[in-house]
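A closer look at the structure
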Amino acid sequence: MSEFTVVRAGSAPNLPAPATPRHVPNRGGEVNPSADALRAKFGDAIKRVEVVWGETNVVVDMAKAFAIIQWLHDDPEQSYEYLSDVTAVEFRDRALPIEVIWHLRSLKSRRFLRLKGLIEKGAPLTAPSIYDIYKGADWLERECFDMFGIRFEGHPDLRRILMWEQYAEGYPLRKDFPLRGRFSRAQQLREALAANPEARYSMEELSVADAYADLPQDMRARIKGGESTGE
């Protein structure tokens, strides 16, 4: 049986007492110390660091994302032992890339870090799976795949999780998804052209001709003579 190490929130030494942040600016402010550690460790793989509403966002090279997250998890000075979310953002502006976002928390140091990897428009929608680092990434990556169509390479079981598996219309959180939540007009037309018109009739109606032999003798004679049976 494997053993788990109990992580006590705020157990890092010399940590100030927790306090609710006040008067937090929209941009700028105190940077999470992990950002400087990432720059020193990974250099050019750290593309940009910014603080928004008191939270540090780090844009990383997608090709190095797995190694960066692995280091944040394993390094004893960082200890980001909890993955709280994996999601994505697609902007309406076609020039902006799609962002894959990981939310990491160090319970021991009371730190929150948001990592972003960018996928340029037109490039394959792929990102590294971090399932081998956080088992909790299993459903989070499946949800992100289901809603955005982003394939997480290395995921052991990447299937839709909210929509049914045969759902072929697209991905509900992409900008090209029909706003009414229905099939696009093009898809409706394709389905109409491919439909079998006989499918409108019930099996009971289709079986009337087969039941001719079971009709009473006088009724069969009238039908054979051309008499209308009326409605």
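Structural notes, computed from the coordinates.

The biggest cluster of nonpolar side chains holds 40 residues, and the ones touching the most others in it are Leu38, Val58, Ile68, Leu72, Trp102, Leu115 and Ile150. For this core, the elements supplying multiple residues, two or more each, are helix 1 (33-42), strand 1 (46-52), strand 2 (55-60), helix 2 (65-74), strand 3 (82-89), strand 4 (98-106), strand 5 (111-119) and helix 3 (137-148). With residues near it in sequence (within four places) discarded, isoleucine 68 still touches Leu38, Phe42, Ala45, Ile46, Val60 and Leu115.

By volume, the largest pocket amounts to about 860 Å³. Elements represented by at least two residues in the lining of the largest pocket include exactly strand 2 and strand 5. When grouped by side-chain class, the residues that make up the lining of the largest pocket number 13 nonpolar, six polar and five charged. Lining the second largest pocket are Phe4, Thr5, Val7, His73 and Glu81. Partitioned by chemical class, the residues of the lining of the second largest pocket number two nonpolar, two polar and one charged.

For helix 3, spanning 12 residues, the distance from its first C-alpha to its last is 16 Å, which sits close to the expected 16 Å at 1.5 Å a residue. Extensive coverage of helix 3 is indicated by the burial of nine of its 12 residues. Those residues of helix 3 that sit buried are Ala137, Leu140, Glu141, Arg142, Cys144, Phe145, Asp146, Met147 and Phe148. Where helix 3 is buried, its residues contact strand 3, strand 6 (126-128) and strand 7 (151-153). Where helix 3 terminates, the next one or two residues include glycine 149, which has phi positive at roughly 80°.

Moving on: the sheet that holds strand 4. With mixed pairing, five strands are arranged side by side in an open sheet as 1-2-5-4-3. The two strands at the open ends of the sheet, each matched to only one other strand, are strand 1 and strand 3. Taken pair by pair, the neighbouring strands of this sheet meet at an average axis angle of 20°, ignoring direction. Looking at chain direction, strand 1 and strand 2 are connected through six bridges and run antiparallel. Residue pairing for strand 2: arginine 48 is matched across the bridge by valine 59.

Below, the discussion takes up the side chain of serine 129. Structurally, serine 129 can be placed in the loop between strand 6 and helix 3. Its relative accessible area of 7% is what places serine 129 among the buried residues. There is a polar contact of 3.2 Å between the side chain of serine 129 and the backbone nitrogen of tyrosine 131. A distance of 2.7 Å separates polar atoms of two side chains, one belonging to serine 129 and the other to glutamate 141. Apart from residues no more than four positions distant in its own chain, serine 129 is found in contact with Phe66, Glu141, Phe152, Glu153, Gly154 and His155.

Conventions adopted
Residues numbered from 1 in each chain as written. Predicted model: local features only at pLDDT ≥ 70, side-chain atom pairs only at ≥ 80, totals over all residues. Heavy atoms only, no water. Core = buried A, V, L, I, M, F, W, Y, C linked by side-chain atoms within 4.5 Å. Buried < 20%, exposed > 50% of the residue type's maximum accessible area, 1.4 Å probe, protein only. Helix = DSSP H or I, 4+ residues; strand = E, 2+ residues; numbered from the N terminus. Contact = heavy atoms within 4.5 Å. 1 Å grid on protein atoms, 1.4 Å probe; cavity = no way out; pocket = protein on both sides within 12 Å on 5 of 7 lines; lining within 4 Å. Points joined across faces, edges and corners; volume = space filled by probe spheres on them. Nonpolar A, V, L, I, M, F, W, Y, C, P; charged D, E, K, R; others polar. Expected span 1.5 Å × (residues − 1). Pairing = 2+ DSSP bridges. Axes fitted to C-alpha atoms, helices over the stretch in contact; angles between N-to-C directions. Polar contact = N/O pair within 3.5 Å; in protein donor to acceptor, adjacent residues only side chain to side chain.

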